[in-house]
Amino acid sequence: MILFASCKKEISTLSYSVINIGEDVRMNALILLDDSVWIACGGLRDEQGWLFRSANSGTTWSKFKVDFPKSIYALSARHSGEIWAGGDFLHLWKSNDNGHNWSFHWLADQVPYHGEDRPAVRRMLWTSDSTGYFTGGENLGEGVIYYTGDGGQNWQFTAHQYEFRALDFMNDEVGIVAGHGAVFTTNAGMGGWTQTDFENDFITGLKFISDKNVLAVGYNGGIYKSGDNGKNWVEVFDSNKAFGKRVNWNDLIFDDSRIVICGNKGALALSDDEGENWKVYQLKDEPHLFSCTLSKDKILLTSESGQILQVEIP
């Protein structure tokens, strides 16, 4: 992995407005079904889990507390409109009515035999109405990759000795899964996983930003880019040098023209040239930011204490 030096950046402080969910829980993820309908999830590890729905762009929320003491971390919608959520202990939930109601979907014999090998679901992605993937892990040393080709009725899985936090696919078969000191790529779907030589960071988010080009962020503060579908990587930005202190990235989002990365202590980084140059910001009061979503001219950031933070794009 080739390292490029990063020069000191000027950091601007950004203000934000707060959208309160109505429960004092950590908010882990947010997806927008359209401009008005938002779905969010949160909870506390192995203690409680919540799913939330707003039909008016976050003004008011309905809430659903899951039946088990398990946090919810990941959300993804099928093209048909069915929404899936994943959390602790490989628990899955799904909604057939745009998030009004949720039902538990137990994987039955499609899980590892031993309970200690059933980690949390961290990322989910439907690449088509029939094809879906999710990945997860915990304790830095156990992880899983799951695949379905029939809309979620049946799942296959592989177990690995890495905690996985990141997942993206360019199409049904070309994809990347990454996590604690490891990146796995495939060009043949579930049957083609190959580990790369990536190491020395804990990848927490990644996205295909164009044909063969992938951007990834790490909990140790690095921003990485690959031009060959994730086989080889270069560090394009060392945020720890820019901020002058340890930065822990948690997520990134890409909308065909802009990349937004968020992390702990209010850290934000934006690029409008596919990651070649970066502007760095810090939110006032330095709240932890766990996921980011783009909505027109605003960045939506999930945070602690039942809050979604709304920032005008600089």
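Cut-offs used in this document
The residue numbers shown here count from 1 along each chain, following its written sequence. For a predicted model such as this one, the threshold for reporting local features is a pLDDT of at least 70, and the threshold for listing and counting side-chain atom pairs is 80 or more; totals across whole chains, interfaces and linings nevertheless cover every residue. Heavy atoms throughout the structure, all of them, feed into the side-chain values; hydrogens and water do not. Under the scheme used here, helices are H or I runs from DSSP no shorter than 4 residues and strands are E runs no shorter than 2 residues, and both carry numbers assigned from the N terminus. Atoms counted for the radius of gyration: C-alpha only. Globule rule: 2.2 Å times the number of residues to the power 0.38. Buried, partly exposed and exposed residues are distinguished by accessible area as a fraction of the type maximum, computed with a 1.4 Å probe on protein chains only: under 20%, between the cut-offs, and over 50%, respectively. Contact between two residues is taken to exist if any of their heavy atoms lie within 4.5 Å; hydrogens are not considered. In this tally Asp and Glu are treated as negative and Lys and Arg as positive; neither His nor the chain ends contributes. Where a charge sits is defined by one atom per residue type, namely NZ (Lys), CZ (Arg), CG (Asp) or CD (Glu). Side-chain atoms alone can form a polar contact between residues adjacent in sequence; in general such a contact is a pair of N or O atoms within 3.5 Å, and within protein one must be able to donate a hydrogen while the other accepts it. Salt bridge, as used here, is a side-chain nitrogen of Lys or Arg placed within 4 Å of a carboxyl oxygen of Asp or Glu. By this definition, two strands are paired if DSSP reports at least two bridges between them. Note on geometry: axes are lines fitted to C-alpha atoms, helical ones only across the stretch in contact, with angles between N-to-C directions running from 0 to 180 degrees. To define a nonpolar core, start from buried Ala, Val, Leu, Ile, Met, Phe, Trp, Tyr and Cys residues and group those joined through side-chain atoms within 4.5 Å.

## Notes on the overall build of the protein
(1) Moving on: On a plain count of helices and strands, the protein comes out with 1 helix and 30 strands.
(2) Moving on: By the compact-globule yardstick of 20 Å for 314 residues, the protein fits well, its C-alpha radius of gyration being 18 Å.
(3) Moving on: Reported as C-alpha extents along the three principal axes, the dimensions of the protein are approximately 50 × 45 × 30 Å.
(4) Moving on: Looking at the protein residue by residue over its 314 residues, the buried ones come to 57%.
(5) Moving on: Counting contacts in the protein only where the partners sit at least 6 residues apart, residues at least 24 apart contribute 45% of the total.
(6) Moving on: Across the protein, the mean location of the 27 positive side-chain charges is 4 Å away from that of the 41 negative side-chain charges.

## So, the environment of Arg165
(1) Moving on: Following the sequence through the fold, Arg165 ends up in strand E16 (residues 164-169).
(2) Moving on: Between the alpha carbons of Arg165 and Leu206 there is a distance of 9.3 Å; along the sequence they are 41 residues apart.
(3) Moving on: Setting aside anything within four residues of it in sequence, one finds Arg165 in contact with Arg122, Arg123, Ala178, Gly179, Phe202, Ile203 and Thr204.
(4) Moving on: At 2.9 Å, the side chain of Arg165 forms a polar contact with the side chain of Glu163.

## A few points about the pattern of salt bridges
(1) Moving on: Using the criterion set out here, one finds 14 salt bridges in the structure.
(2) Moving on: One salt bridge connects Arg165 with Glu163, and the closest N-O pair in it is separated by 2.9 Å.
(3) Moving on: Note on Arg165: relative accessible area 23%, which makes it partly exposed.
(4) Moving on: Measuring nitrogen to oxygen at the nearest pair gives 4.0 Å for the salt bridge that ties Asp255 to Arg258.

## Considering the sheet that holds strand E30 (residues 307-312)
(1) Moving on: Here we have 4 strands laid out as an open sheet, ordered E3-E30-E29-E28, and antiparallel in their pairing. Pairing within the sheet leaves two strands with one partner each, and these edge strands are strand E3 (17-20) and strand E28 (291-295). The sheet shows a mean angle of 25 degrees between the axes of neighbouring strands, direction not considered.

## Considering the environment of Leu294
(1) Moving on: Its location among the elements puts Leu294 in strand E28.
(2) Moving on: The exposure class assigned to Leu294 is buried, which follows from its relative accessible area of 16%.
(3) Moving on: C-alpha separation for the pair Leu294 and Asp150, spaced 144 residues apart in sequence, amounts to 30 Å.

## Quick notes on the environment of Ile83
(1) Moving on: Secondary-structure assignment places Ile83 in strand E9 (residues 83-87).
(2) Moving on: Ile83 gets classed as buried once you look at its relative accessible area, which sits at 0%.
(3) Moving on: Each C-alpha atom, one on Ile83 and one on Ile39, is 9.1 Å from the other, the two residues being 44 residues apart in sequence.
(4) Moving on: Setting aside residues no more than four positions away along its own chain, Ile83 makes contact with Ile31, Leu33, Ile39, Ser76, Ala77, Trp93, Lys94, Ser95, Asn98, Gly99 and Trp102.

## Observations concerning the sheet that holds strand E26 (residues 267-271)
(1) Moving on: With mixed pairing, 5 strands are arranged side by side in an open sheet as E2-E27-E26-E25-E24. What marks the edges here is a single partner per strand, and that holds for strand E2 (11-14) and strand E24 (249-254). Taken pair by pair, the neighbouring strands of this sheet meet at an average axis angle of 25 degrees, ignoring direction.

## Notes on unusual backbone geometry
(1) Moving on: Phi at Asn139 takes a positive value of approximately 60 degrees, unusual for a residue other than glycine.
(2) Moving on: Locating Asn139 in the fold gives a position in the loop between strand E13 (132-138) and strand E14 (142-148).
(3) Moving on: A positive phi angle, close to 75 degrees, is found at Asn200, a residue other than glycine.
(4) Moving on: Residue position: Asn200 is located in the loop between strand E19 (194-195) and strand E20 (203-210).
(5) Moving on: Residue classification places Asn200 among the exposed residues on the basis of a relative accessible area of 62%.

## Topic: the side chain of Ser303
(1) Moving on: Structurally, the position occupied by Ser303 is in the loop between strand E29 (298-302) and E30.
(2) Moving on: Non-local contacts of Ser303, meaning those with residues more than four positions away in its chain, are made with Val25, Arg26, Met27, Pro287, His288, Phe290 and Leu309.

## What about the nonpolar core?
(1) Moving on: Counting residues in each nonpolar core, the largest one holds 17 residues, and the members touching the most others are Leu215, Ile223, Phe243, Trp249, Ile259, Ile261 and Trp278.
(2) Moving on: If you list the elements that add at least two residues to this core, you get strand E21 (213-218), helix H1 (239-243), E24, strand E25 (259-263) and E26.
(3) Moving on: With 3 residues, the single largest contributor to this core is E24.
(4) Moving on: When sequence neighbours within four positions are dropped, the list of residues in contact with Ile259 reads Ile209, Leu215, Leu252, Ile253, Phe254, Ala269, Leu270, Ser271, Glu274, Gly275 and Trp278.
(5) Moving on: One finds Leu268, Cys292, Leu294 and Leu309 within the second-largest nonpolar core, a separate group that totals 16 residues.

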